[in-house]
Amino acid sequence: MNLRAKDKLVVGLTGSILSGKSTALSYFARNGAGVISADELVRQLYQAPAVQKQIVRWFGSCKPAEVARCVFADESARRKLEKYLHPKVWALAAKQIKQAPQPIIVFEVPLLFEAGWNRKTDLTITLLGDERTLPARLKARGLTLAEYKRRVAGQLPESEKVRRADIVLANRGSKTDLGLKIKRLCQALNTIYALK
Ligand SMILES: CC(C)(COP(=O)(O)OP(=O)(O)OC[C@H]1O[C@@H](n2cnc3c(N)ncnc32)[C@H](O)[C@@H]1O)[C@@H](O)C(=O)NCCC(=O)NCCS
Ligand SMILES: Nc1ncnc2c1ncn2[C@@H]1O[C@H](COP(=O)(O)OP(=O)(O)OP(=O)(O)O)[C@@H](O)[C@H]1O
């Protein structure tokens, strides 16, 4: 990690499923950061006819729920989809990072370490969700515990995401608590990195 003054700081934000990454991302935006979501870029790619054609050829459908059923039950299918989509996601993200006018850019990626994109960022953050409220969050998202476990099995264990991160943010209080932590973190990053 390079702690010299910079014009732009690229932060990789990760965490387990439903840990609160999108919520955290919106708080970074509120504090003036440029924000990019890999899940959102994946959703945009699913709108492209060429991508739809390839995904339908492989999985018979390009509806996310149906693709999810195929890829989280079959590791080689998941890896094939990732190998196809990840370079496209990175190409879109790299363009947005380059064009972003903000001094801090936060890139939210569920598979930040798995994809090796931590090496393309200046600083990594792992967000820790609250296991006590996980059942309610799963219900709200329409995911069963079995589906959740299959997705998590496709990711690094949370302990490893914690070990590899520069910063670990616990999201175990209220949303207001998380918002305050992120406000202070943005202030600290601006000072530490002497961002313009
Ligand atoms: C599997 C798909 C169809 C599921 O779509 P769906 O709308 O249900 O979920 P969404 O995209 O919003 O992702 C929700 C969460 O699922 C988990 N997840 C998504 N893809 C993966 C994956 N390849 N491996 C493990 N977990 C994953 C993440 O925690 C993510 O935050 C979609 O996520 C997909 O195409 N994934 C492959 C691309 C990928 O690796 N995306 C992750 C970001 S680069
Ligand atoms: N501190 C909190 N207190 C209460 N609810 C929260 C908190 N943080 C997040 N949530 C809620 O938990 C749910 C999941 O949060 P969010 O969508 O931000 O997670 P995520 O990690 O981006 O999810 P995914 O893995 O599906 O991409 C949302 O309904 C959100 O409003």
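Residues numbered from 1 in each chain as written. Chains lettered and ligands numbered in written order. Predicted model: local features only at pLDDT ≥ 70, side-chain atom pairs only at ≥ 80, totals over all residues. Heavy atoms only, no water.

Under an unreviewed UniProt entry, the chain has the name Dephospho-CoA kinase and belongs to Candidatus Avelusimicrobium gallicola. Here the chain is described in UniProt, under the heading Catalytic activity (unreviewed entry), as follows: "3'-dephospho-CoA + ATP = ADP + CoA + H(+)". If you open the UniProt record of the chain and go to Pathway (unreviewed entry), you find "Cofactor biosynthesis; coenzyme A biosynthesis; CoA from (R)-pantothenate: step 5/5." (UniProt positions renumbered as here; feature names shortened; annotations may be inferred.)

Q: When you look at the site of ligand 2 in this model, what are you seeing that I'm missing?
A: Around ligand 2, a shell composed of 16 residues is seen, among which S22, T23, R141, N171 and K175 lie nearest. Take T23: an N or O atom from its side chain is 2.6 Å from an oxygen atom of ligand 2. Computed on the free molecule, ligand 2 has an accessible area of 640 Å², of which 77% lies beneath the protein chains in the complex. Taken together, the residues of the shell around ligand 2 break down into two nonpolar, eight polar and six charged. (Near = heavy atom within 4 Å. Polar contact = N/O pair within 3.5 Å; in protein donor to acceptor, adjacent residues only side chain to side chain. Areas by Shrake-Rupley, 256 points an atom, 1.4 Å probe, with all protein chains shown as cover. Nonpolar A, V, L, I, M, F, W, Y, C, P; charged D, E, K, R; others polar.)

Q: Help me out: how do you make sense of helix α5 (residues 75-99) in this one?
A: Across its 25 residues, α5 extends 35 Å between first and last C-alpha, which sits within 8% of the 36 Å expected from 1.5 Å per residue. Maximal helix bending in α5 amounts to about 30 degrees, located at L85; proline P87 follows within four positions. Of the positions making up α5, those classed as buried are A77, R78, L81, E82, Y84, L85, V89, W90, A93 and I97. For α5, the elements touching its buried residues are β1 (9-15), β2 (34-37), α2 (38-45), α3 (49-59), α4 (64-71) and β3 (104-108). (Helix = DSSP H or I, 4+ residues; strand = E, 2+ residues; numbered from the N terminus. Expected span 1.5 Å × (residues − 1). Bend = angle between axes of the 7 residues up to and from the residue. Buried < 20%, exposed > 50% of the residue type's maximum accessible area, 1.4 Å probe, protein only. Contact = heavy atoms within 4.5 Å.)

Q: Please explain the packing of aromatic side chains as it appears in this structure.
A: The description of two aromatic rings rests on the distance between their centres and on the angle between their planes. A complete count under the given rule lists five aromatic pairs for this structure. Between W58 and Y84, the ring centres sit 5.4 Å apart and the planes meet at 85 degrees, which makes this aromatic pair edge-to-face. Placement of the pair is W58 in helix α3 and Y84 in helix α5, with a sequence separation of 26 residues. When the centroid spacing of 5.9 Å and the interplanar angle of 20 degrees are considered together, the rings of F107 and W117 count as stacked. Of this pair, F107 sits in strand β3 while W117 sits in the loop between β3 and β4 (123-128), placing them 10 residues apart in sequence. An identical accessibility class is assigned to F107 and W117; each is buried. Cluster of aromatic residues (ring-pair linked, three or more members): W58, F59 and Y84. (Phe/Tyr/Trp six-rings, centres within 6.5 Å; stacked < 30°, edge-to-face > 60°.)

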